[in-house]
Amino acid sequence: MSNTIKELPAIFMQDICKSFGINENKVDALKNINLEIMKGEFVALCGPSGSGKSTLLNILSGIDTPSAGTVMFLNNVLNEMPEKRLAYMRSKYVGFIFQFFNLIPVLSIFDNVFYPLVLNAHFNKKEAKERALHFLDSVGLAHLVDRKPGQLSGGQQQRVAIARALAHEPRVVVADEPTGNLDLTTGEAILELLMKINQQTSTTFVISTHSTQLRDSAGRVIEIKDGVLVHGSDE
Ligand SMILES: Nc1ncnc2c1ncn2[C@@H]1O[C@H](COP(=O)(O)OP(=O)(O)OP(=O)(O)O)[C@@H](O)[C@H]1O
């Protein structure tokens, strides 16, 4: 008998369906999705506009709940979890990166990373300060911490968002078109940074993208079309 114990996936989805609206307005955004993503994977989620990428990311990270099926995140069943525990799971184990950065414009770069650590991840102020400075340094922004987001380039703002997403050392980073608002060269630099972090920390990355470069570099490509996985699923 083999002694090999199969590693549990970071994310497991079984027969996931998600519908929005009712009657003639009903949209079946996800149809019977089956998917496993292992710890440390770097996954690109590709598909045309409206194919269900954001919906899939929202469900696997506990932002939204499925209409049917089972979703497990780090061995916790998410679909019936009370919102309070879901919020705890998200703040502790997930880092989010968005297309439009979602930084708070009135706060400094430092405070954009520092406050979520104190308010959401419940670090004390000393540790939050050390972490904020360390992660801003690791994305090459130590010299800009006193600026406001509006005083940075798009690529620099996305680096702040990456530092914010990583500063609590999440198990999974979910990025919804992180290079979608950046020029090609800046997008490539951001992609390289994400891949470097993935290799150094074995944090799991799930990234929705239209970028061919990201698709070519990812460890695995999952393709979705009209709410159905057409490539890269577990069936
Ligand atoms: N809150 C909602 N209410 C109603 N319909 C929704 C909602 N969110 C998404 N949809 C619909 O679900 C389908 C999938 O949308 P989703 O945003 O997941 O696509 P996407 O692949 O991320 O698109 P894009 O690349 O343009 O961001 C679309 O038909 C969309 O109109």
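Residues numbered from 1 in each chain as written. Predicted model: local features only at pLDDT ≥ 70, side-chain atom pairs only at ≥ 80, totals over all residues. Heavy atoms only, no water.

Caption draft 1: Highlighting the pairing of strand 9 (residues 220-225). Most of strand 9 sits inside the fold, with five of its six residues counted as buried. By the bridge criterion, four bridges tie strand 3 (residues 42-46) to strand 9 in an arrangement that is parallel. Opposite Cys46, over in strand 9, you have Glu223 as the bridge partner. As judged from the three bridges shared by strand 9 and strand 10 (residues 228-231), these two strands associate in the antiparallel manner. Bridged to Glu223 within strand 10 is His231. (Buried < 20%, exposed > 50% of the residue type's maximum accessible area, 1.4 Å probe, protein only. Helix = DSSP H or I, 4+ residues; strand = E, 2+ residues; numbered from the N terminus. Pairing = 2+ DSSP bridges.)

Caption draft 2: Looking closely at the sheet that holds strand 5 (residues 76-77). What the four strands build is an open sheet, ordered 2-1-4-5; its pairing is antiparallel. Because the sheet does not close on itself, it has two edges, and the strands there are strand 2 (27-37) and strand 5. Pairing between strand 1 (residues 11-20) and strand 2: seven bridges, direction antiparallel. Residue pairing across strands places Met13 opposite Leu35, the latter belonging to strand 2. The sheet strands contacting helix 1 (residues 53-60) are strand 1, strand 2 and strand 4 (68-73), and the helix crosses strand 1 at an angle near 125°. (Contact = heavy atoms within 4.5 Å. Axes fitted to C-alpha atoms, helices over the stretch in contact; angles between N-to-C directions.)

Caption draft 3: Up close: the site of the ligand. In the vicinity of the ligand there are 13 residues, among which Ser49, Gly50, Lys53, Ser54 and Thr55 approach most closely. With respect to the ligand, the side chain of Lys53 contributes an N or O atom lying 2.7 Å from an oxygen atom. Contact distances for the ligand include 3.2 Å between an oxygen atom and a side-chain N or O atom of Glu177. Protein contacts shield 58% of the accessible area of the ligand, which totals 640 Å² for the unbound molecule. Mapped by element, the contributors of at least two residues to the shell around the ligand are strand 2 and helix 1. With three residues, the single largest contributor to the shell around the ligand is helix 1. In terms of residue class, the shell around the ligand is built from four nonpolar, seven polar and two charged. (Near = heavy atom within 4 Å. Polar contact = N/O pair within 3.5 Å; in protein donor to acceptor, adjacent residues only side chain to side chain. Areas by Shrake-Rupley, 256 points an atom, 1.4 Å probe, with all protein chains shown as cover. Nonpolar A, V, L, I, M, F, W, Y, C, P; charged D, E, K, R; others polar.)

Caption draft 4: Structural view of the nonpolar core. Phe42, Val113, Leu136, Val160, Ile162 and Leu194 are the most contacted members of the largest nonpolar core, which has 43 residues in total. Of all the secondary structure elements, the ones that give two or more residues to this core are strand 3, helix 3 (109-119), helix 4 (125-138), helix 5 (154-166), strand 7 (172-176), helix 6 (184-201) and strand 8 (204-209). Sequence-distant contacts of Phe42, that is, excluding residues within four places in its chain, are made with Leu191, Leu194, Met195, Asn198, Phe205, Ile207, Leu214, Ala218, Gly219 and Arg220. Core analysis: the next-biggest nonpolar cluster, separate from the first, contains 28 residues, Met13, Leu30, Ile33 and Met89 among them. (Core = buried A, V, L, I, M, F, W, Y, C linked by side-chain atoms within 4.5 Å.)

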